[in-house]
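Here's the letter readout for the chains.
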Amino acid sequence: MPLNPKAAPLRLVYKDMALEKLEKMPLEEAEQINQSLQRLALTGHGDTEMLGDEYISVFRLRVGKRRIFFDLVSQTRELVVQDIENRGQAYTKKSRAKGKR
């Protein structure tokens, strides 16, 4: 699902938790995730889904066996990467199930 391919590119911002997880994973996986996020920020294209509701804009991007959780900040045109999880663990956190951070 494209986010908005006609919109100007988004600035990619990583929260500390997401950066820590990227640094700990194999280089090839980290590069694949970074490339997918760059493409999403530039074109709006990626395997994304909105997990929040009309008041909380939490999104998920699928990249291989990983799930990347991010927010969109329209005022600053930022895609803020909050967390990266393995597929099996990504949806077990109660806060994600409710769409909260």
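Residues numbered from 1 in each chain as written. Predicted model: local features only at pLDDT ≥ 70, side-chain atom pairs only at ≥ 80, totals over all residues. Heavy atoms only, no water.

Caption draft 1: Up close: the sheet that holds strand β4 (residues 66-73). As summarised here, the arrangement of the five strands in space is β1-β5-β4-β3-β2, forming an open sheet in which the pairing is mixed. Either end of the sheet is taken by a strand with one partner, and the two such strands are β1 (11-14) and β2 (48-50). Strand-to-strand twist in this sheet, taken as the mean axis angle between neighbours without regard to direction, amounts to 30°. Packed on one face of the sheet, helix α1 (residues 16-24) meets β1 and β5 (78-86) and runs near 50° to β5. (Pairing = 2+ DSSP bridges. Helix = DSSP H or I, 4+ residues; strand = E, 2+ residues; numbered from the N terminus. Axes fitted to C-alpha atoms, helices over the stretch in contact; angles between N-to-C directions. Contact = heavy atoms within 4.5 Å.)

Caption draft 2: Molecular detail of the side chain of arginine 60. You can see arginine 60 is positioned in strand β3 (residues 58-63). A polar contact is formed between the side chain of arginine 60 and the backbone oxygen of aspartate 47, at a distance of 2.8 Å. In this structure the side chain of arginine 60 is engaged in a polar contact, spanning 2.8 Å, whose partner is the side chain of glutamate 49. What arginine 60 contacts, discounting residues up to four positions off in sequence, is Asp47, Thr48, Glu49, Leu51, Arg67, Ile68, Phe69, Phe70 and Tyr91. (Polar contact = N/O pair within 3.5 Å; in protein donor to acceptor, adjacent residues only side chain to side chain.)

Caption draft 3: The arrangement of the nonpolar core in detail. In terms of nonpolar packing, the biggest core is built from 18 residues, with Ile33, Leu37, Leu61, Ile68, Leu79, Val81 and Ile84 touching the most fellow members. Here this core gets five residues from one element, more than from any other, and that element is helix α2 (residues 27-43). Once you skip the residues sitting within four places of it in the chain, isoleucine 33 turns out to touch Leu22, Met25, Val63, Arg66, Ile68 and Ile84. (Core = buried A, V, L, I, M, F, W, Y, C linked by side-chain atoms within 4.5 Å. Buried < 20%, exposed > 50% of the residue type's maximum accessible area, 1.4 Å probe, protein only.)

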